[in-house]
Amino acid sequence: MNILITGGTGLIGRALCRVLHAEGHTLTVFSRHPETVADKCGAAVQALASLDDWTPQRHFDAVINLAGEPIVDAAWTDRRKKILRDSRIALTRQLVERIARSEQKPAVLLSGSAIGYYGGRGDQELVETSGPGDDFPAQLCIDWEAAAIEAERYGVRVCLLRTGLILSKDGGLLARMLPPFRLGLGARLGDGKQWMSWIHIDDYVRHLQRLLNDEQLSGPFNMTSPQPVINAEFTRILAMVLHRPAPLSAPVAMLKLAMGERAALVLEGQRVLPARLEAKGMLCRYPDLESALRAILG
Ligand SMILES: NC(=O)c1ccc[n+]([C@@H]2O[C@H](COP(=O)([O-])OP(=O)(O)OC[C@H]3O[C@@H](n4cnc5c(N)ncnc54)[C@H](OP(=O)(O)O)[C@@H]3O)[C@@H](O)[C@H]2O)c1
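The structure reproduced in this document is the subject of the present report. Remember, it's a predicted structure, so these values are computed and weren't measured experimentally.

1. Let's talk about the site of the ligand
Reasoning step 1: Among the 21 residues in the neighbourhood of the ligand, the closest are listed as Thr9, Leu11, Ser31, Arg32 and Arg88.
Reasoning step 2: Contact distances for the ligand include 2.8 Å between an oxygen atom and a side-chain N or O atom of arginine 32.
Reasoning step 3: When isolated, the ligand has an accessible area of 880 Å², and the protein chains bury 82% of it.
Reasoning step 4: Residue assignment for the shell around the ligand shows that the elements contributing at least two residues are α1 (11-22), α3 (78-101), β5 (108-114) and β8 (165-168).
Reasoning step 5: Residues belonging to the shell around the ligand are distributed by class as follows: eight nonpolar, 10 polar and three charged.

2. Section: the sheet that holds strand β13 (residues 219-223)
Reasoning step 1: Across the sheet, which stays open at both edges, the seven strands sit in the order β3-β2-β1-β4-β5-β7-β13 with parallel pairing between neighbours. Of all the strands in the sheet, just β3 (46-48) and β13 have a single pairing partner and so form its edges. Sheet twist, expressed as the mean angle between neighbouring strand axes with direction ignored, is 20°.
Reasoning step 2: Bridge analysis of strand β4 (residues 62-65) against β5 gives four bridges, and the strand direction is parallel. Each residue of the ladder has a partner; that of asparagine 65, found in β5, is serine 111.
Reasoning step 3: Packed onto the sheet, helix α4 (residues 136-149) meets β4, β5 and β7 (157-163) and runs at close to 175° relative to β5.

3. Topic: the sheet that holds β8
Reasoning step 1: If you walk across this open sheet you meet the three strands as β9-β8-β12, and the pairing is mixed. In the strand order of this sheet, the two ends are held by β9 (171-172) and β12 (198-200), each with one partner.
Reasoning step 2: Pairing between β8 and β12: three bridges, direction parallel. Counterpart to isoleucine 166 in the pairing with β12 is isoleucine 199.

4. Points about unusual backbone geometry
Reasoning step 1: Residue histidine 243 is not a glycine yet carries a positive backbone phi of 55°.
Reasoning step 2: In this fold, histidine 243 is placed in the loop between α7 (231-242) and β15 (248-250).

5. Re α7
Reasoning step 1: For α7, with 12 residues, the first-to-last C-alpha span of 16 Å sits near the 16 Å given by 1.5 Å per residue.
Reasoning step 2: Listing the buried residues of α7 in full gives Asn231, Phe234, Thr235, Ile237, Leu238, Ala239, Val241 and Leu242.
Reasoning step 3: Trailing α7 by a residue or two, histidine 243 shows a phi angle of about 55°, which is positive.

6. Things to note about the pairing of β7
The side chains of a regular strand alternate between both faces of the sheet.
Reasoning step 1: Counting buried positions along β7 gives seven out of seven residues, so the element sits mostly inside the fold.
Reasoning step 2: Here β7 shows a buried face lined by Arg157, Cys159, Leu161 and Thr163 and a second buried face lined by Val158, Leu160 and Arg162.
Reasoning step 3: Sheet analysis places β5 next to β7, joined by seven bridges and oriented parallel. Each residue of the ladder has a partner; that of serine 113, found in β7, is arginine 162.
Reasoning step 4: Relative to β13, β7 is paired through five bridges, and the arrangement is parallel. The residue of β13 that forms the bridge with threonine 163 is methionine 223.

The rules behind the values
- Residues numbered from 1 in each chain as written.
- Predicted model: local features only at pLDDT ≥ 70, side-chain atom pairs only at ≥ 80, totals over all residues.
- Heavy atoms only, no water.
- Near = heavy atom within 4 Å.
- Polar contact = N/O pair within 3.5 Å; in protein donor to acceptor, adjacent residues only side chain to side chain.
- Areas by Shrake-Rupley, 256 points an atom, 1.4 Å probe, with all protein chains shown as cover.
- Helix = DSSP H or I, 4+ residues; strand = E, 2+ residues; numbered from the N terminus.
- Nonpolar A, V, L, I, M, F, W, Y, C, P; charged D, E, K, R; others polar.
- Pairing = 2+ DSSP bridges.
- Axes fitted to C-alpha atoms, helices over the stretch in contact; angles between N-to-C directions.
- Contact = heavy atoms within 4.5 Å.
- Expected span 1.5 Å × (residues − 1).
- Buried < 20%, exposed > 50% of the residue type's maximum accessible area, 1.4 Å probe, protein only.

Take a look at the structure:
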């Protein structure tokens, strides 16, 4: 297949490019830094510097839309919130405009979203039919999904990737957690009762491959392992795998002071279940956290 990937230089995108290239697909990555694409994604991967270069005559069989400014990195000022929204929603709208104009439409659009769609929901088990939350991340995901689903008007199959916390040795959540945990300074966050719905990056990429190829699949998919854990359990298992103690607890007041509104990302969680993946027989090789962390950390 001839595949266009936005966000292909990111944590998920790089892993995906490796696998799709090995399968023989032709890959083009849209990037604000096209000169870095060959280095990050592989020498055979082409770079697209501007969506204007996607002319109506140019054909992609599939589009995978993963672009988005990192949500946790900077305070959510009004300016930052606009950047977070534009990098997802405005970009997705532009993609759909290109799809609308293309002479031969892609067969499928796999488009990013996140489990933040559900908002903070305590112990409630969340499947794809559960309603959305009402905080900033939830609205971001609602609008991001709404922009992507527009592609269905043009006969494109659309899958919405409600992505959980990606576990990878190359970045993301673990890259932030490992330095203090390796020093024996791992800490649960607040009371540690908030749910963390995670997935091993290899399982995520395998699910993406199936969503790409299986013409029967469309709509939202919770992209998580079937065994979410509360933060205290995540802390305990990570410390155990690293053979380090994790005796500390980060006080809620300190996290709120340091992170402001973003503290909701770490203090409120979602107990998400991959109901639709499992209904389609799409199982994880690493369903439990200990096996996933051992596979990643060796
Ligand atoms: N990793 C997770 O745990 C997780 C969890 C839930 C949801 N997600 C979502 O899944 C997507 C991929 O995640 P990831 O971890 O691979 O993200 P990542 O490593 O932060 O990479 C995101 C990519 O998006 C592109 N990007 C950033 N800002 C952009 C902008 N303003 N305009 C256009 N492109 C922009 C960047 O590509 P260039 O710099 O090359 O332009 C970057 O490589 C993201 O949208 C993220 O929100 C991730």
